[in-house]
Amino acid sequence: MQKRDKRRLAIGAVVAVLSAVGGYAGYWAMDRAGPLLSTHGNEIGGSFRLVSAAEGEVSDSNFRGRWMLVYFGYTHCPDEQCGATLRAMAGAMDLLGPKHRSVAPLFISVDPMRDTAEAMRAYTLRFGPRIFAMTGAPTMLKAVTAEYHAPYVRHEGKDGDYSMEPSPRIVIMSPEGRYAGTIQSDASAQDIADRLNSLMAAQ
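Here the residue index of a chain counts from 1 through its sequence in written order. Reporting of local features is limited, given that this is a predicted model, to residues whose pLDDT is at least 70; pairs of side-chain atoms are given and counted only at 80 or more, and all residues count toward the totals for whole chains, interfaces and linings. Calculated side-chain values reflect all of the structure's heavy atoms, with hydrogen atoms and water omitted.

**Student:** Help me get a handle on the packing of aromatic side chains, residues and values and all.
**Tutor:** Aromatic rings from Phe, Tyr and Trp, taking only the six-membered ring of Trp, are treated as a pair when their centres fall within 6.5 Å; an angle between ring planes under 30 degrees marks them as stacked, one over 60 as edge-to-face, and anything in between as tilted. Evaluation of the coordinates by the stated rule reveals four aromatic pairs. Judged by centre distance (5.1 Å) and plane angle (70 degrees), the rings of F63 and F132 are edge-to-face. With a gap of 69 residues between them, F63 in the loop between β2 (57-59) and β3 (67-73) and F132 in strand β5 (residues 132-135) connect regions that are remote in the sequence. Each residue gets one of three labels from its accessible area relative to the maximum for its type: buried under 20%, exposed over 50%, partly exposed in between, using a 1.4 Å probe on protein chains only. F63 gets classed as buried once you look at its relative accessible area, which sits at 5%. Look at F132 and you get partly exposed, because its relative accessible area is 30%. Here F107 and Y123 contribute two aromatic rings whose centre-to-centre distance is 5.6 Å and whose plane-to-plane angle is 40 degrees, an arrangement assigned as tilted. A residue pair is termed long-range when its members are at least 10 positions apart, and F107 in strand β4 (residues 103-109) and Y123 in helix α3 (residues 117-124) qualify at 16 residues. The burial state of F107 is the same as that of Y123; both residues are buried. Among the aromatic residues, ring-to-ring pairing joins F107, Y123 and F127 into one connected group. To qualify as a helix, a DSSP run of H or I must reach at least 4 residues; to qualify as a strand, a run of E must reach at least 2; elements of each kind are numbered from the N terminus.

And the structure:
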């Protein structure tokens, strides 16, 4: 029985390593390709090409026709920051009722070294199934955060530890991919729902 358990653990460890290597290989390939991005004339926001928590490539065009709520953070972020923002975004989807189907809440991790697809899936599921999680190679993330006027800053800690800087705001993009405004990252679920209702009514 113990031998069987050890064998299962060993197989699980190999699968985990291969998954991580595969994910990073994808990031490296994207890094070599370079960031092919465009602001599309937006003051803030634009195109992106990232890797989703489902381990597939994803771009802004995948969400065309939906309002995008774009938030930059990372899974090791203090819960009173990133966790509170994602909780509010998920809560806003509940408040919108059926209209939530026309909204895509995006969580873009700025910490690809630690935020594997599995880590992002486990983290965002804490806030329900409606958050789309993604990340990318450092070069790509630098370009995307610059487009969306979000910080891409690493703070060094002790013993090789570090923290990243989450964005102080959520960027809202229209279904046509146009910049529609921002809302502070500490906004409540009701604040976010009210803002989206107002934008939808004005369209």
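**Student:** Before we move on, can you summarise the UniProt feature "binding site: Cu cation" (unreviewed entry) in the protein with the specific residues and values?
**Tutor:** Mapped onto this numbering, the UniProt entry gives "binding site: Cu cation" (unreviewed entry) at C77 and C82. With respect to the helices and strands, C77 occurs in the loop between β3 and α2 (79-96). In what follows, residue pairs with any heavy atoms lying within 4.5 Å of each other are defined as contacts. In contact with C77, not counting residues within four places along its chain, are C82 and P166. With respect to the secondary-structure elements, C82 resides in helix α2. Looking at C82, the relative accessible area reads 0%, which means it is buried. Excluding residues within four positions of it along the chain, C82 makes contact with Y71, G73, Y74, C77, Y123 and P166. UniProt positions are given in the numbering used here, feature names are shortened, and annotations may be inferred rather than shown by experiment.

**Student:** Mind laying out the nonpolar core, listing which residues take part and the relevant values?
**Tutor:** Residues F48, L50, L69, V70, Y148, I192 and L196 are the most contacted members of the largest nonpolar core, which totals 52 residues. No other element matches α2, which puts eight residues into this core. Contact partners of F48, with chain neighbours within four places excluded, come to L37, V58, S59, D60, F63, M68, L106, M134, V144 and Y148. As used in this record, nonpolar core signifies buried Ala, Val, Leu, Ile, Met, Phe, Trp, Tyr and Cys residues forming a set joined through side-chain atoms within 4.5 Å.

**Student:** If you had to explain the pattern of salt bridges to someone new, which residues and values would you point to?
**Tutor:** When a carboxyl oxygen of Asp or Glu is within 4 Å of a side-chain nitrogen of Lys or Arg, the pair counts as a salt bridge. For the coordinates displayed, the defined rule picks out seven salt bridges. A salt bridge links D94 to R130; the nearest nitrogen and oxygen atoms lie 2.6 Å apart. Of the two residues, D94 sits in helix α2 while R130 sits in the loop between α3 and β5, which places them 36 residues apart along the sequence. Under the relative-accessibility criterion, D94 is labelled exposed at 55%. On the accessibility criterion, R130 (32% relative accessible area) is partly exposed. Residues joined in a network through salt bridges with shared partners are D79, R87 and R126.

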